[in-house]
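Below, each chain spelled out in residue letters.
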Amino acid sequence: MLKRIKKIIVGLLSVPVLNRLYVLLNRISTEIFSVNRILATLHSLVFFVTFNREQYAVLRSRRNYYRNLHRSRNTHVGLRRNIHRIEKGSSMKPRRKVFARDYILETLDFYEFVLAEHHNSEEPLIDKDELKWAHDVLQYYFGLVDAKKDRIIAQAYERYKTIELGSVVNENAHVKAPFMRKDSAASKVSYEEILSLANRRRSVRWFKDEPVPRRLVDKAILVARQSPSACNRLPYEFRIFDDPELVKRIAGIPFGAAGYSHQIPTLVVVVGKLDSYFSPRDRHGIYIDSSLASMSFMLALETLGLSSSVINWPDFEPLEVKMQRELGLDVSERVVMLIAVGRADSDGIIPFSQKKSLDVIRNYNRVDK
């Protein structure tokens, strides 16, 4: 039905007179309503459906964020955020003798909750690596700050010393705490090699009819998760589909896969988790962080002999609703993009895709006045 409607609209807009009229009406309305924020608000009242779904998703996600603070989960976003804030404070130069005082008690609240859930549950959900990281960073933190100089820090330290870990954390395991840059292994990848890899990666839309090994997809995701993420939240998940029937059904939803969706071996749906945030100001974080991870994921795929193609996912409510139902997504979970993965057919055609020149996309110290 949706594709039929799209075909009709595209057909109408291909008529020159109708296309010019459509462009004219859009130019007039945008010229009028973009003059100031008051007129823009009036426009949004009339065409509220344009962003209403996103507003609903952001509000639902804030509700979920606060609900999840006291639910058993495999990751605790509040703890992750605060532990990373402590790490950032530890890495500043010069480093303050007292820092994190405004959220250290909250961090211990989260930490104790996670530990209690771990001890009291028959099958603990919390990721042990996340728990080990929290433990090591807190231990590192209290070894840095001067508890004698601040009442809150002193209170937090006394409380920290009473927390019972039991057998949850292996003290002898690799320490997951801030470290010196000089202690990290130097990369042996040259600029020429990374440029060659970037040039090699192209959107492939024709794949060999053979399954994609899951171990290779997992290896690429291990690279993807190392991408930068605000407060180390990693507010996304990679949903991998390699069942032919599921791939065909899901790949058939977006318009961008028309023409090749029927022969995609593996499909990745990148889902952003808006409930990783408590403030609307962070609503774009899922798109930034998941896109950074997706790029690393696709470059890693190339090194493993696999190719990929990003399938555009526009904010179009009918398709959003259909995908939400198909995957069982909550309103606060937003599809960011889809990625087709497989071994490229060597006889397949690849678009040249000329990139913009360096002088077009790069400016030093430019300030437009």
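Refer to the structure above for everything that follows.
Rules used throughout
- Residues numbered from 1 in each chain as written.
- Predicted model: local features only at pLDDT ≥ 70, side-chain atom pairs only at ≥ 80, totals over all residues.
- Heavy atoms only, no water.
- Helix = DSSP H or I, 4+ residues; strand = E, 2+ residues; numbered from the N terminus.
- Buried < 20%, exposed > 50% of the residue type's maximum accessible area, 1.4 Å probe, protein only.
- Pairing = 2+ DSSP bridges.
- Axes fitted to C-alpha atoms, helices over the stretch in contact; angles between N-to-C directions.
- Expected span 1.5 Å × (residues − 1).
- Contact = heavy atoms within 4.5 Å.
- Parallel < 35°, antiparallel > 145°, perpendicular 65-115°, else oblique.
- Left-handed = near helix turned anticlockwise from the far one by under 90°.
- Nonpolar A, V, L, I, M, F, W, Y, C, P; charged D, E, K, R; others polar.
- 1 Å grid on protein atoms, 1.4 Å probe; cavity = no way out; pocket = protein on both sides within 12 Å on 5 of 7 lines; lining within 4 Å.
- Points joined across faces, edges and corners; volume = space filled by probe spheres on them.

Draft legend 1. Spotlight on the environment of Lys132. Tracing the backbone shows Lys132 in helix 7 (residues 128–144). Classification of Lys132 by relative accessible area gives buried; the value is 6%. Separated by 44 residues in the primary sequence, Lys132 and Lys176 have C-alpha atoms spaced 7.0 Å apart.

Draft legend 2. Just the sheet that holds strand 1 (residues 236–241), in detail. The 4 strands lie next to each other as 1-2-4-3, forming an open sheet whose pairing is antiparallel. The sheet is open, and its two edges are formed by strand 1 and strand 3 (307–311), each paired on a single side. Each strand of the sheet is rotated relative to its neighbour by a mean of 25 degrees, with strand direction disregarded. Both strand 2 (residues 266–273) and strand 4 (residues 333–342) contribute to a ladder of 8 bridges, which runs antiparallel.

Draft legend 3. Just helix 4 (residues 49–68), in detail. Look at helix 4: 29 Å from first C-alpha to last across 20 residues, which is about the 28 Å you get at 1.5 Å a residue. Looking at helix 4, one finds that the buried residues are Arg53, Glu54, Ala57, Val58, Arg60, Ser61, Asn64, Tyr65 and Asn68. Buried residues belonging to helix 4 abut helix 5 (77–90), helix 13 (317–327) and strand 4.

Draft legend 4. A look at the packing of helix 6 (residues 104–120) against helix 8 (residues 151–162). It is at 9 Å that the axes of helix 6 and helix 8 come closest, and there the two elements cross at 15 degrees. Taken together, helix 6 and helix 8 sit at an angle that is classed as roughly parallel. Two packed elements cross with a definite hand, and for helix 6 against helix 8 that hand is left-handed. Note on element contacts: helix 8 touches helix 6 through Ile152, Ile153, Gln155, Ala156, Arg159 and Tyr160, opposite Ile104, Leu105, Leu108, Asp109, Tyr111 and Glu112. Taken together, the residues that form the contact of helix 6 with helix 8 break down as 8 nonpolar, 1 polar and 3 charged.

Draft legend 5. How the structure looks around the pairing of strand 3. In terms of burial, strand 3 is largely enclosed, as 4 of its 5 residues are buried. Bridging between strand 3 and strand 4 involves 5 bridges; their strand directions are antiparallel. Within the sheet, the bridge partner assigned to Ser309 lies in strand 4 and is Ala340.

Draft legend 6. Summary view of the layout of surface pockets. Roughly 1700 Å³ of internal volume is contained in the largest pocket. Counting only elements with at least two residues in the lining of the largest pocket, the list comes to helix 5, helix 7, helix 10 (214–224) and strand 1. Here the lining of the largest pocket takes 5 residues from helix 5, the largest share from any one element.

Draft legend 7. Up close: empty space enclosed by the protein. Counting across every chain of the model gives 3 cavities of 30 Å³ or more. Of the volumes computed, that of the largest cavity is approximately 90 Å³. Lining the largest cavity we find 12 residues, and of these Ser72, Arg73, Val114, Glu117 and Ile126 sit closest to its centre. Split into classes, the residues belonging to the lining of the largest cavity amount to 5 nonpolar, 4 polar and 3 charged.

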